[in-house]
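# Analysis of the macromolecular model
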Amino acid sequence: MPAGPTKEVVRLERWGRAALLVIDNPPVNATSREVRAGLLAHLELLAEDRECAAIIVTGAGKSFVAGADIREFGRPLAEPQSPAVIRAMEAAPQPVIAAINGAALGGGLELALGCDYRMAAACAVLGLPEITLGFIPGNGGTQRVARLAGLPAAIDLVTSGRRLGAEEARQLGIVDKVVAGDVVADALSLAARGEVRKRRVRDLELPPASAEAVAAAETAARRKLTAMPWIDEAIEVVRLASTLPIDEALARERAVFERLRLSASALALRHLFFAERAAAKVEGLGAVPRPLRRVAVVGGGLMGSGITYALLTKGLPVTLVERDDAALGSAHQRIESLLRRAVASGRLDPAASTEALSRLSGTTALEAVAEADLVLEAVVEDLALKLELFAALGRLARDGAILASNTSYLDLEALARASGRPADCCGLHFFSPAHIQKLVEVAHTPSTANDVVASGLQLARRLGKTAVVARSAPGLIGNAIFADYRAAVEALVLDGALPAEVDAALEAFGFAMGPFRVFDLAGLDIAWRARQATGAAEKAPSLGDRLCEAGRFGLKTGAGWYRYPDGGRQPEPDPEVHALIERHAEEKGIERRSIPAEAITRRALAAILNRAALLVGAGIARQAGDIDVVMTSGYGFPRAKGGPVHWASRQTPAAIAASIEASCARLSAPRGDLAALLPSFT
Ligand code: COA
């Protein structure tokens, strides 16, 4: 198709002597090839137009331009490319004004930086999120932000990918004016008054910055280097703003962008971008979420307090119900302390914290749940207790209120039945600590009403969480996989690896934390008590059970798979544990021999993949991408590898099949059908 003005995606409107270019490419005005071609063609014609005194660029709908079209990034980019559009803006004889009406992200912000003047609606968000997608800005973002905001701020923005509100962007110099009302109307009147002059960002002097400030920004950026090794290149490219003429720096930036966008990590992160959106969307659900004005949280322990914090800080009033005044008092303190810490670290401003707290009310009377549109229970994992609670909630909650459980292991269908109103019941499984962890599993039973699932998804979105839908089953998706992962790594230890070796291998693979450190952090006693309840701990005690019998519950008792001397948090290998492992292996007749790191990772991943195949095969997980979303957002699986299924899709199918076969044999596990996960296995 020849490049040319495409009426649909870039529209030209004449307002007196101003030309208004409206980018209209739903859903988010991404700069697809058609948009680039449309902009360029209009700019070329306007350059010759003596009547046109100013050009204004804006976006239709809620976004300005949310970036390049991420779907195009895996392929060679079609002409014309964005730098040509930006060159045309800079070369235009008229001043070009960006009227930023909404999200200006990535290539969208870079487009605005090619303009002579930027004005933003107060609700606009701006940022360069490329780093989170595995690459760096490629249309001059690194160099132009540095010229407007200085090197330290540019290093921060480019390497964190964080999003700025309009006012912060103005303070940094990235935006010239924030407009409370209609930003396009304001731009038009500014243009009509002839108040904007040509002022190309490329011609600006780099603002001075001390070497210390630059070094501090680099140190902060490098904290994420393990998860995102491409941060170093990003820093290097930003710094070119102080050493190279702009055109040379732009060429270097573009070359790094071109290389990184085709990297395996970028491919994995793009996969996650779309998988996360697909996970939170249920085709054919066709239901309008129920109104949500007040939430009641029953149980204010660690989990309940974390959830309450998340709700309060996103503007939802919460009634917290606890069994007695002492428990209510501690829950209150926990929530206040979470708010204080958020303020201290700059994540929350003091006024927002005060407001959040004012939305909290506490009570020991369960009857208070009658005020709520959603009742979320986060009491201890005890089926009898939860059955009783659901029966009471069924009586006390108002008609149409949603009753949600935070459980992942207990029988949600039984809870729903106990309530007497199963259509209103669902699971909302948050991860600990709930104020930080991103993942929420929205669980449903065969009786759950569609609008209850839709409400769960909407709530997760409002809280800024990543939602995945799961059919109710023991452990839902994440903990079911985690149980098999646990079995696999315990078997590795029995077979000859040491906990620290397993942790080192999986951390080298990219896991945020090795499994044994995670077990110690989470506490070993929960799994032990669950196994005691089923009799498993007595019949065939696992290594974890043995540690608990010895009073080693993990970090909280100063000893678990590791020891933690002097009340510290730093794990140390413990000869006592090694002796216990030896004894346990001997009892089982296992001859221990050392296991190479590669085999450790292969076996751990095989167990994860097999359970993933079982879950997708049984319809507990809806699609393979959901597994990747769960594992990367809830279990520290490296995002740069895209999740276990994406990772496996890049391996030889025969090798994966063989390792799964071996894993199932070793763990006596049922075999999942890999074709459910990966088309290449059919
Ligand atoms: N390229 C291609 N598609 C994109 C996109 C992009 N840059 N940004 C968003 N989309 C798509 C989403 O996949 C989704 O598609 P779907 O409806 O088919 O699932 C749709 O646009 C809406 O996105 P969603 O995130 O669900 O909408 P939102 O209103 O919650 O948020 C944004 C809007 C713009 C804030 C958000 O989409 C966003 O942050 N996008 C990413 C921006 C980015 O990283 N840009 C840099 C690219 S280099």
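Coordinates for the structure precede this section.
Every value quoted in this text rests on a predicted model; they were computed, and no experiment measured them. Think of each chain on its own: its residues are numbered from 1, step by step along the sequence as written. Local features in this predicted model are restricted to residues whose pLDDT is 70 or higher, and side-chain atom pairs enter the listing and the counts only when it is 80 or higher, whereas totals over whole chains, interfaces and linings include all residues. Excluded from the side-chain calculation are hydrogens and water; included are all heavy atoms of the structure.

Another aspect to go through is the site of the ligand. Surrounding the ligand, one finds 17 residues, the nearest of these being A66, R163, R277, K281 and R461. Two N or O atoms count as a polar contact when they lie within 3.5 Å, although within protein this holds only if one can serve as hydrogen donor and the other as acceptor, and sequence-adjacent residues are included solely when both atoms are side-chain atoms. For the ligand, a nitrogen atom lies 2.9 Å from a polar atom in the backbone of A68. Interatomic distance of 2.8 Å between a side-chain N/O atom of R277 and an oxygen atom of the ligand. Throughout, the Shrake-Rupley method with a 1.4 Å probe supplies accessible areas, and for residues the shown protein chains are the sole cover considered. Contact with the protein chains removes 76% of the 870 Å² of surface that the ligand exposes when unbound. Runs of E in the DSSP output that reach at least two residues are strands. Runs of H or I that reach at least four are helices, and both are numbered from the N terminus. No other element matches the three residues that helix α11 (residues 264-279) contributes to the shell around the ligand. What makes a residue near a molecule or strand is one non-hydrogen atom of that residue sitting within 4 Å of it.

Here the focus is the packing of aromatic side chains. Between rings of Phe, Tyr and Trp, where Trp is taken as its six-membered ring, a pair exists when centres lie within 6.5 Å; planes separated by under 30 degrees are stacked, by over 60 edge-to-face, and by other angles tilted. Counted by the stated rule, this structure contains 16 aromatic pairs. Note on F73 and F257: the rings are 5.9 Å apart at their centroids and 75° apart in plane angle, and the pair reads as edge-to-face. With F73 in the loop between β4 (63-65) and α2 (82-91) and F257 in helix α10 (residues 246-261), this residue pair connects regions lying 184 residues apart in the sequence. Assigned by exposure class, F73 and F257 land together as buried. Measuring from ring centre to ring centre gives 5.7 Å for F135 and F257, while their planes differ by 70°; the resulting arrangement is edge-to-face. With a gap of 122 residues between them, F135 in the loop between β8 (125-127) and α4 (141-149) and F257 in helix α10 connect regions that are remote in the sequence. Each residue is placed in one exposure class: buried if its accessible area under a 1.4 Å probe, protein chains only, is under 20% of its type's maximum, exposed if it is over 50%, and partly exposed if it falls in between. Here F257 falls in the buried class, since its relative accessible area comes to 4%. Members of the aromatic cluster, each reached through a chain of ring pairs, are F431, F482, Y485, F509, F511, F516, F519, W561, Y635, F637 and W647.

In this analysis an axis means a line fitted to C-alpha atoms, helices contributing only their contacting stretch, and an angle means the value between N-to-C directions, from 0 to 180 degrees. Look at helix α19 (residues 499-509) against helix α20 (residues 515-522): their axes get within 7 Å of each other, and the N-to-C directions meet at 110°. Considering the angle they form, α19 stands roughly perpendicular to α20. On the side of α19, the interface is formed by P499, V502, D503, L506 and E507, while α20 contributes P515, F516 and R517. Its residues assigned to classes, the contact of α19 with α20 comprises five nonpolar, no polar and three charged. Any angle that falls under 35 degrees is termed roughly parallel, while one over 145 is termed roughly antiparallel, one within 65 to 115 roughly perpendicular, and all others oblique. The contact criterion used throughout is that any non-hydrogen atoms of two residues lie within 4.5 Å. Amino acids outside the nonpolar list (Ala, Val, Leu, Ile, Met, Phe, Trp, Tyr, Cys, Pro) and the charged list (Asp, Glu, Lys, Arg) are all regarded as polar, and Gly is one of them.

Attention now moves to the side chain of E253. Along the chain, E253 falls in helix α10. Charge assignment in this entry is limited to Lys and Arg as positive and Asp and Glu as negative, and neither His nor the chain termini are counted. Between Lys or Arg on one side and Asp or Glu on the other, a salt bridge is scored when a side-chain nitrogen of the former is within 4 Å of a carboxyl oxygen of the latter. Buried and unpaired, E253 has R144 as its nearest opposite-charge partner, separated by 6.4 Å. One polar contact links E253 to T142, side chain to side chain, over a distance of 2.5 Å.

Our focus in this paragraph is the sheet that holds β4. At least two bridges found by DSSP between two strands is the condition for calling them paired. Here four strands make up an open sheet; going across it, the order is β4-β6-β8-β9 and the pairing mixed. Each edge of the open sheet is held by one strand with a lone partner, namely β4 and β9 (163-165). Strand-to-strand twist of the sheet, defined as the mean angle between neighbouring strand axes without regard to direction, takes the value 20°. Here three bridges tie β8 to β9, and the two strands are oriented antiparallel to one another. Counterpart to V125 in the pairing with β9 is G165.

The strands making up a sheet are joined through hydrogen bonds of the backbone, oriented either antiparallel or parallel. Taking strand neighbours across the sheet as the criterion, the six strands line up as β1-β2-β3-β5-β7-β10 in an open arrangement whose pairing is mixed. The outermost strands of the open sheet, each flanked by one partner alone, are β1 (10-15) and β10 (177-179). If you compare each strand with its neighbour and ignore which way they point, the axes differ by 25° on average. Across three bridges, the pairing between strand β3 (residues 54-59) and strand β5 (residues 96-100) is parallel. Across the sheet, I56 pairs through a bridge with I97, a residue of β5.

This next bit is on the state of the cysteines. What counts as a disulfide here is a pair of cysteine sulfur atoms lying within 2.5 Å. Taken as a whole and assessed by the stated rule, the structure comprises zero disulfides. No disulfide involves C426; its sulfur sits 7.7 Å from that of C425, the nearest cysteine.

So, on to the pairing of β5. Within β5, five of the five residues are buried, leaving the element largely enclosed by the surrounding structure. With burial as the criterion, each face of β5 is covered, one bearing V96, A98 and I100 and the other bearing I97 and A99. In this sheet, strand β7 (residues 117-121) lies alongside β5 in parallel orientation, the contact comprising four bridges. The residue bridging A98 from the neighbouring strand is R118, located in β7.

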